[in-house]
Structures are given as structure tokens and as C-alpha cells.
Amino acid sequence: WTAAVRRAVGPVRRIQECLMGMRGGNGISSGSAIWLLGACYRMGASSTSSTDEEAKESTSSSPEAVADFLLDFSSRIWITYRQGFEAIGESKFTSDVGWGCMIRSGQMLFAQALVCHRLGRGWRRGEQPYAREYLEILHSFVDSPSPACPFSIHNFIRAGSPYGLAAGSWLGPYALCHAIEALARNDGRGRQGEDHLAVYVVSGDAHGERGGAPVLYNVDVAGKCPVLILVPLVLGLDKINPRYLPSLRATFAFPQSVGIAGGKPAASVYFVGVQDDQALYLDPHEVQKVVSVSGESLEFDSASYHCSVVRKMPLDAIDPSLALGFYCRNREELDDLCARASELASQSNGAPMFTVAE
């Protein structure tokens, strides 16, 4: 029955996505500004945003804004359920359908940090031939236990095993962040200098699952740049406390933002932007065949790693367990992030998501 339902749902979803695109908005509304990972796109000439001044060169104006936004959105790396890969460890799992969405969301967030690190936030997916750095990033996430694919789901689970991560199991944001941290540390042993991307996890208590505002000690992070800063959070019980929503929305305007891994209970997605009270996201719940690569060649069809369908979810419907991500290339960007986070905390009416201290 499960297989039959999946076969039926796939075509229906594709028809729905085509209809969404035919309506012209592709899931987005006209008039209001969109913040996408630190870039502002004004969907209408009269649109305003309280933080539009922060956009600077990243701001587009209508009517070009829609095309620019969709090009930016579709250039983000999309990682989904796959089937037909080599069994994970000693398990019999050759697919992550039904359980791997949080891992896929974490992979997308990590991939975006690597794109910013190696290609820059302004990179856009164009015509072939692609930049070698882009192909290397995709290759590193291909589902294989090979060391040549260091961020595959196989290696993800191996790195996260000390935190309870196993094939077929669900994981929370704390375990996800530390699995990414372990993967980056292992990969960094073969990289030197600016080519290495460090990962720093900000957690408020021993297990990061009890709520409260964790503290980012900027001195601890200063020597790690370039660095991906991950902040696992629990912002409520059954649903997000409404006091956190303005701060959560504001993080998408940070130029250091690489998005949020979160979603609904047992259904994680990768949030990349916000428009009004709607969060925009990439959905990993699409089953695709595994991509195979061989030898030293990096050439393969990358179409399945990008998506042009914009999905949205009300901010107040997001599950309170989530993980924020920020990429800082150097000390100046880190200082700017700390200043923005401190300002955001001061405006939170006593409910900061996280704080900054020396």
C-alpha cells in the first residue's frame, strides 16, 4: 500500500507544481518584499520593508525582481530523498524515504554554506560547463560511503552515531548540528588555510534540547573563520512561542544567513526566505533515484539538485525545534553578525533566540 500511494502521489504533486508555475507567481505573492538568505527582492514598486536599507547591492526592484528571485532560489542546492544507493553500514536501508528528511535539510544548509565559502553568495547556476568548485560540492553530497563523497548520507550517519543518529531513525536539531560539525572536522584534516570551512555549534546546555537562549561567545569563534555557525534551538513546546517570530523572521535579512533546518513534526524542510508571515522553503520529500559517479570525473547531470518550485509555510506553523545557520568568511563578517544578533536580542522584549557575549 505504501508503494502504491507513493506512485499515485508523485504524479499528482508534479501536476500541482506545474499549475503553481502556470499561475505566474510560482508560490509567491506580488507586492511584498522577499528576503532570501540576506538578499532582498521587491515584488512590487510600492513595496516597503523595515530593513530594506540593509539590502544594499542585494536589492532588486520590480519587475526584474521576480526573475532575479527565481534565479537565486533555483540556484540553491536541493537535496531530497533518494533510492537505490548502497546499503548504509550494516543496515538494509538503500533509501531514506520516510526518515531522512532532517538529514537532507541539514545537507542543504551545509551545501549553501559551502557555496558561499567557495563560490560566493552571488553565485548563480548557469549554463554548462559548470565551475569545478560547484561540481565538487555536489559530488561531496552524492549518496555513497566513499571518502570521495564526505557529506553523503552514509558518512552523515557515521559522523552522527555518537549523538544517536542511525539509519531509519529521526534526529533533532542538536544531533544534526553536531553531525555537521564532525563531518567538517573530518574533512578539514585534508584541507588547509582558507579552503577549510570550520563549524561551530552554539548550544545553551548539555544536550541543547531544553530551551533557553544559548550564548555565542565571539572570542571562541574569532579564530575559526571562515566558519559556519549553527544554533540549535527549541522555541516553544507544541508550537513556536509567538514572541520569537519577529526575531526568526529577521534572521533571513542577515547577510550571513544560510537558512534554517526545521519544518513540522517528523517532516523537516530547509527554510531559505520569508515574505510577510510566510516562510519559503525547499522540500526534501521528493523521491529521486540515486546519482552515480565514478572515477575522477566530476561530470554528471545536476538537474535533480535544483528546484524552481517555491513552497511556503506560515511562520507560526513551524515546529519549535530548529537550527539556524550563519556563514562568516572573516572576522569582519563575524563582528557584523554579532552586532546584528545583539541588536535583535535587545529588541526581543526579553525573549532572545540567542545572545552574544565576549
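Criteria and cut-off values
Residues numbered from 1 in each chain as written. Predicted model: local features only at pLDDT ≥ 70, side-chain atom pairs only at ≥ 80, totals over all residues. Heavy atoms only, no water. UniProt positions renumbered as here; feature names shortened; annotations may be inferred. Buried < 20%, exposed > 50% of the residue type's maximum accessible area, 1.4 Å probe, protein only. Helix = DSSP H or I, 4+ residues; strand = E, 2+ residues; numbered from the N terminus. Pairing = 2+ DSSP bridges. Axes fitted to C-alpha atoms, helices over the stretch in contact; angles between N-to-C directions. Parallel < 35°, antiparallel > 145°, perpendicular 65-115°, else oblique. Left-handed = near helix turned anticlockwise from the far one by under 90°. Contact = heavy atoms within 4.5 Å. Salt bridge = Lys/Arg side-chain N within 4 Å of Asp/Glu carboxyl O.

Per an unreviewed UniProt entry, the protein goes by the name Cysteine protease and belongs to Selaginella moellendorffii. The Subcellular location (unreviewed entry) field of the UniProt record for the protein holds the comment "Cytoplasm". Listed under Catalytic activity (unreviewed entry) in UniProt, the entry text for the protein is "[protein]-C-terminal L-amino acid-glycyl-phosphatidylethanolamide + H2O = [protein]-C-terminal L-amino acid-glycine + a 1,2-diacyl-sn-glycero-3-phosphoethanolamine".

Asks: What am I meant to see in the pairing of strand β12 (residues 321-328) here?
Replies: When a strand is regular, its side chains alternate between the sheet's two faces. Extensive coverage of β12 is indicated by the burial of 7 of its 8 residues. One ladder, built from 8 bridges, connects strand β6 (residues 227-234) with β12; its direction is antiparallel. When the sheet's bridge partners are listed, Leu233 is paired in β12 with Leu322. Summarising the sheet, strand β7 (residues 257-264) and β12 pair through 3 bridges and their orientation is antiparallel. When the bridges of β12 are listed, Ile260 appears paired with Leu324.

Asks: Would you take a moment to explain the packing of helix α3 (residues 101-118) against helix α4 (residues 132-140) for this structure?
Replies: In a pair of packed helices, the angle between the axes and the distance between the axes together describe the arrangement. Two elements in contact, α3 and α4, have axes separated by 10 Å at closest approach and are oriented at 160°. With respect to their mutual orientation, α3 and α4 come out roughly antiparallel. Of the two possible hands of crossing, α3 and α4 adopt the one that is right-handed. Between α3 and α4, the contacting residues are Ala111, Leu114, Val115 and Arg118 on the first element and Glu133, Glu136 and Ile137 on the second.

Asks: Got a minute to help me understand the pattern of salt bridges in this structure?
Replies: Where charged atoms of side chains with opposite charge meet at close range, the side chains can pair. The tally for this structure, following the rule as stated, stands at 9 salt bridges. A salt bridge links Arg104 to Asp96; its shortest N-O distance comes to 2.8 Å. A relative accessible area of 0% places Arg104 in the buried class. Among the charged side chains, a network of salt bridges with common partners joins Asp72, Arg76, Arg121 and Arg124.

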